[in-house]
Amino acid sequence: ETDGAEMKHMDPSEIAAIPFPLQRLTVFAVFPVVILMMYWLVKNPSTLMWNLMNLVKLTGIIYALFALGGNSLIDNWQHSVTAALYLAALLATTFRQNGSSNILEEL
């Protein structure tokens, strides 16, 4: 009985119930996107728009995958969009600079 009371602060449902500050999360997630845009602009400015469009498409695909995974997109849409943008920025580092509109060819 006393072990349960001592370990109550470690309950995952209580930890998950505390909302993560959206402002900090957004700064953390958008920073790689800014770095990627600067890299794309320096490396090959002519493909910047293709890369940005592919980044938006990839963010949308990841957002849809969150919905398929059971995430509540209505209640947590800000966190879901931020997380999808962060994952898309990580995946966008593998773009091959083909200038293609097909996202699968770019990855």
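Conventions and cut-offs
Residues numbered from 1 in each chain as written. Predicted model: local features only at pLDDT ≥ 70, side-chain atom pairs only at ≥ 80, totals over all residues. Heavy atoms only, no water. Helix = DSSP H or I, 4+ residues; strand = E, 2+ residues; numbered from the N terminus. Buried < 20%, exposed > 50% of the residue type's maximum accessible area, 1.4 Å probe, protein only. Contact = heavy atoms within 4.5 Å. Axes fitted to C-alpha atoms, helices over the stretch in contact; angles between N-to-C directions. Parallel < 35°, antiparallel > 145°, perpendicular 65-115°, else oblique. Left-handed = near helix turned anticlockwise from the far one by under 90°. Nonpolar A, V, L, I, M, F, W, Y, C, P; charged D, E, K, R; others polar. Core = buried A, V, L, I, M, F, W, Y, C linked by side-chain atoms within 4.5 Å. Expected span 1.5 Å × (residues − 1). Arc of directions from axis to C-beta.

Trainee: Requested: an account of the overall build of the chain, with residues and values cited.
Mentor: For the chain, the count of helices and strands is 6 helices and 0 strands. For the chain, the α and β elements follow one another from N to C terminus as α-α-α-α-α-α. Looking at the chain as a whole, 22% of its 107 residues are labelled buried. Look at the contacts in the chain between residues 6 or more apart in sequence, and 59% of them connect residues 24 or more apart.

Trainee: How would you summarise the packing of helix 3 (residues 22–43) against helix 5 (residues 77–92) if you had to cite specific residues and measurements?
Mentor: Two packed helices can be described by the angle between their axes and the distance between those axes. Packing of helix 3 against helix 5 brings their axes to within 9 Å, and their N-to-C directions diverge by 30°. The pairing of helix 3 with helix 5 is recorded here as roughly parallel in orientation. Considering only the axes of helix 3 and helix 5, their crossing is left-handed. Counted together, Leu22, Leu25, Thr26, Phe28, Ala29, Val30, Pro32, Val33, Leu36 and Trp40 of helix 3 and Gln78, His79, Thr82, Leu85, Tyr86, Ala89 and Ala92 of helix 5 form the full contact between these two elements. Across the contact of helix 3 with helix 5, the residue classes break down as 13 nonpolar, 4 polar and no charged.

Trainee: Give me the lowdown on the nonpolar core, citing residues and values where you can.
Mentor: Soluble globular proteins tend to bury their nonpolar side chains together. One finds Val33, Leu36, Trp40, Leu48, Leu55, Leu58, Ile62, Ala84, Ala88, Ala89 and Ala92 forming the largest nonpolar core, which totals 11 residues. Elements that contribute at least two residues to this core include exactly helix 3, helix 4 (48–68) and helix 5. In this structure alanine 84 touches Thr59, Ile62, Tyr63 and Phe66, once residues within four positions along its chain are discounted.

Trainee: Now, about the packing of helix 3 against helix 4: what can you tell me, with residues and values included?
Mentor: One way to put it is that helix 3 packs onto helix 4 with a least axis distance of 9 Å and a crossing angle of 155°. By the angle between their directions, the pair helix 3 and helix 4 is classed as roughly antiparallel. Handedness of the helix 3/helix 4 crossing: right-handed. Where helix 3 approaches helix 4, its residues Val33, Met37, Trp40 and Leu41 are matched on the opposing element by Leu48, Asn51, Leu52 and Leu55. Here the contact of helix 3 with helix 4 is composed, by residue class, of 7 nonpolar, 1 polar and no charged.

Trainee: I'd love a proper account of helix 4, names of residues and values included.
Mentor: The first and last C-alpha atoms of helix 4 sit 30 Å apart over 21 residues, in line with the 30 Å expected at 1.5 Å per residue. Taken together, the buried positions of helix 4 are Leu48, Asn51, Asn54, Leu55, Leu58, Thr59 and Ile62. Looking straight down helix 4, one finds its buried side chains confined to an arc of 145°; they lie on one side. Facing away from the buried side of helix 4 by more than 90 degrees, the exposed set consists of Met49, Val56 and Leu68.

Trainee: I'd love a proper account of the environment of alanine 64, names of residues and values included.
Mentor: Relative to the assigned elements, alanine 64 resides in helix 4. Spatially, the C-alpha atoms of alanine 64 and serine 80 are 9.7 Å apart, while their sequence positions differ by 16 residues.

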